[in-house]
Amino acid sequence: MTNPPGAALTALTRQAEGLWQAVAPLLPGFSVEVLPSIDSTNTELMRRARAGDQAPTLLVALEQTAGRGRRGKGWVSRQGDSLTFSLGLPLAPRDWSGLSLAVGVSLAEHLHQQVRLKWPNDLWWQERKLGGILVETASVGERRYAVIGAGLNVATPELPPAPAVPDDASALAPVPPVGLRELGGVAAALDAGEWLAAVVPGLVRDLLVFEREGFAPFAERFAARDALAGRSLRLSDGREGEAAGVGPDGALLLRTAHGVEAVTSAEVSVRPC
Ligand code: BTN
């Protein structure tokens, strides 16, 4: 069942005040904006940061007309059926490695105990993709501004029909998506605004932990939700091996015939086989 856009916008704006109250003490200068439509919440916060506005901001949109995913892909957000937001904030960790994995850990933990992480940071439930994360940073002078974008399916999206001849024969087939409503129990009844309120304050707290302590406090938490651990993997660059967790910098460890290789490239995709 699809929510009408008016009701979906109300569901999001209803949460804005409570969210602001929960987050402002942690992030001075914090603001929340809810928009009916924008090209991309990540693109907008990156534009603002490059223009000198580096205030901590949560930008939520009902619809994106040019949503972006990882590895240059698009990201479709359907009005009322998705939760689409970006959180922008100045961050100064000593080491940035593992930031996107830490974000995945935080979101998974605040969504549902059964949500798993597929390296580097896809949110999975029962082998199906529940959501994705796109982390970008903009440097202005000495300061670096992080934009943490998340797209979560509230309802289960329909897959577009597969092309008869794939555009890119070497690409791995897409993982069928799932929506939070399929998780059942209390989760089935929550709207996008309630999911937003469930994840954002914890995400902010975890980002502040990451800023102080880096990826180390997230490593075990990632391992507890690692959907690939111990499984045979095929990478889009042709490599094959067995997943052996992640390293202290968040790199995927792949046990191959030549030993354990660290996979760091954000450009490869990884699938169990
Ligand atoms: C992926 O799995 O490829 C990552 C998808 C990230 C999508 C979110 S939706 C909010 C933010 N704005 C964007 O344009 N992208 C991210």
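Procedures and definitions
- Per chain, residues are indexed from 1 in the order of the written sequence.
- Restriction of local features to residues with pLDDT of at least 70 applies here, the model being predicted, together with a cutoff of 80 or more for giving and counting side-chain atom pairs; totals for whole chains, interfaces and linings are based on all residues.
- For side-chain calculations, the full set of non-hydrogen atoms in the structure is used, while hydrogens and water are omitted.
- Only protein chains enter the calculation, and the probe is 1.4 Å; a residue is then buried if its accessible area is under 20% of its type maximum, exposed if over 50%, and partly exposed in between.
- Here a helix means four or more residues in a row that DSSP labels H or I, a strand means two or more in a row labelled E, and each is numbered from the N terminus.
- When we speak of the arc, we mean the arc of directions from the helix axis to the C-beta atoms.
- Any pair of residues with heavy atoms lying within 4.5 Å of one another is described as a contacting pair.
- With axes taken as lines fitted to C-alpha atoms, and helix axes fitted only over the stretch in contact, angles between N-to-C directions fall between 0 and 180 degrees.
- A crossing counts as left-handed when the near helix is turned anticlockwise from the far one by less than a right angle, and as right-handed when that turn is clockwise.
- Polar here means any residue outside two lists: the nonpolar Ala, Val, Leu, Ile, Met, Phe, Trp, Tyr, Cys and Pro, and the charged Asp, Glu, Lys and Arg; Gly therefore counts as polar.
- Think of it this way: one heavy atom of a residue within 4 Å of a molecule or strand is enough to make that residue near it.
- Any N or O atom pair separated by 3.5 Å or less is treated as a polar contact, with the protein-specific requirement of one donor-capable and one acceptor-capable atom, and with residues adjacent in sequence counted only for side-chain atom pairs.
- Areas reported as accessible are Shrake-Rupley estimates using a 1.4 Å probe. Residue values count occlusion only from the protein chains shown.

Chemist: Give a description of helix α5 (residues 216–225) that names residues and reports values.
Modeler: Turning to α5, its buried residues are F218, F222 and R225. One face of α5 carries all of its buried residues, which in axial projection span an arc of 65°. Looking at α5, the residues exposed on the side facing more than 90 degrees away from the buried face are A216, E220, A223 and A224. Residues of α5 that are buried make contact with α3 (99–111), β4 (116–118), α4 (192–213) and β9 (240–246).

Chemist: Describe the packing of α3 against α4, with residues and values.
Modeler: Look at α3 against α4: their axes get within 9 Å of each other, and the N-to-C directions meet at 140°. Where α3 crosses over α4, the two elements pack in a sense that is right-handed. In this structure, α3 uses L99, A102, V103, S106, L107, H110 and L111 to contact α4, whose residues at the interface are W195, A198, V199, G202, L203, D206, L207 and F210. Looking at the contact of α3 with α4 residue by residue, the classes come out as eleven nonpolar, three polar and one charged.

Chemist: Can you break down the site of the ligand residue by residue, with the values?
Modeler: Within the structure, the ligand sits among 20 residues, and S40, Q64, R68, R70 and K129 are positioned closest to it. Here a nitrogen atom of the ligand sits 3.5 Å away from a polar atom, N or O, in the main chain of N42. Separating a nitrogen atom of the ligand from a backbone N or O atom of R68 is a distance of 2.6 Å. When the ligand sits alone it has 410 Å² of accessible area, and the protein chains cover 97% of it. When residues of the shell around the ligand are traced back to their parent elements, those giving at least two are α2 (41–50), β3 (82–90), β6 (128–140) and β7 (143–153).

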